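The chain contents come next:
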Amino acid sequence: MQRRTLGSTGLEASILGMGGFHLVEISTEKAKAILNGYLDAGGNYIETAAAYGSGVSERKVGLVMRERRDECILATKCHVRDRDGATETLASSLRRMQTDHVDILFMHHVQSRDDLDRILAPDGALRAAETARDAGQVRFVGISNHGHPQLLMQALKAYPFDLIMTNFNYYDRFNFPLIEEELLPLAQELGVG
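Here's a quick rundown of the structure.

Reading the values: the criteria
- Residues numbered from 1 in each chain as written.
- Predicted model: local features only at pLDDT ≥ 70, side-chain atom pairs only at ≥ 80, totals over all residues.
- Heavy atoms only, no water.
- Pairing = 2+ DSSP bridges.
- Helix = DSSP H or I, 4+ residues; strand = E, 2+ residues; numbered from the N terminus.
- Contact = heavy atoms within 4.5 Å.
- Axes fitted to C-alpha atoms, helices over the stretch in contact; angles between N-to-C directions.
- Patch = residues over 30% accessible without salt bridge, like charges linked within 9 Å, V, L, I, M, F, W, Y side chains within 5 Å.
- Areas by Shrake-Rupley, 256 points an atom, 1.4 Å probe, with all protein chains shown as cover.
- Salt bridge = Lys/Arg side-chain N within 4 Å of Asp/Glu carboxyl O.
- Lys, Arg positive; Asp, Glu negative; His and termini not counted.
- Charge placed at Lys NZ, Arg CZ, Asp CG, Glu CD.
- Buried < 20%, exposed > 50% of the residue type's maximum accessible area, 1.4 Å probe, protein only.
- Right-handed = clockwise from strand over helix to strand, strands pointing away.

1. Focus on the sheet that holds strand β5 (residues 73-78)
Sheet strands associate in pairs through backbone hydrogen bonding, adopting either a parallel or an antiparallel arrangement. Taking strand neighbours across the sheet as the criterion, the six strands line up as β3-β4-β5-β6-β7-β8 in an open arrangement whose pairing is parallel. The sheet is open, and its two borders are formed by β3 (18-19) and β8 (163-165), each paired with just one other strand. Of the pairings in the sheet, the one linking strand β4 (residues 45-47) to β5 comprises three bridges and is parallel in character. Residue pairing in the sheet places Y45 in a bridge with I73 of β5. Contacts from helix α5 (residues 125-134) reach β6 (102-107) and β7 (138-144) within the one sheet, and its direction differs from that of β7 by about 155 degrees.

Written out as structure tokens, the structure is:
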């Protein structure tokens, strides 16, 4: 499977990733079969989130990670905005996924300036991510949102995020032209994956 470098991270991600949201809706055995099949086919990017089924997705991913962790780029997301809550959320995520680290931790679903200000605050979630990165529990820190490219541009100007995750779809280019016209060029200029 073809791979692409994610910004300046040096991570080589397969062009088809495995998202964990819908793992919540299927049996554990089917989830394991899908994840193993994806890795067997050469895929190497698996992402999930603590909020997906209150950890159910992470638990299912963990059943595969305990044996195949070194075969993939593992990403999870933190929806909590404060330092203490984010620290606790990450610790729970690592336990559920049966690993001592993730390659990417996304500040998840940052949809408003208030959300951004809260994670950037001195007692915000980014402080927990930085501490975890220093401890080797997180390699890279990203931010995700849906349909607010201006907010992601503000985020990239306010903090040196390693990666962004946003919606990008042929049909959405008409609703959100700034994603293609301004956000992606800014990310490329800054070396953000």
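Now that the structure has been shown, the text picks up again.
2. Things to note about a negative patch on the surface
The grouping of D82, D84, E88 and D123 at the surface amounts to a negative patch. Here D84 shows up in helix α3 (residues 83-96).

3. Brief notes about the pairing of β5
Look at any regular strand and the pattern is simple: side chains alternate between the two faces of the sheet. Most of β5 sits inside the fold, with six of its six residues counted as buried. Burial along β5 is two-sided: I73, A75 and K77 facing one way and L74, T76 and C78 facing the other are all buried. With helix α2 (residues 56-68) bridging β4 and the parallel β5, this β-α-β connection has right-handed handedness. As defined by bridge partners, β5 adjoins β6 across four bridges and the pair is classed as parallel. The partner of T76 across the bridge, within β6, is L105. The β-α-β motif built from β5, the intervening α3 and the parallel element β6 has right-handed crossover chirality.

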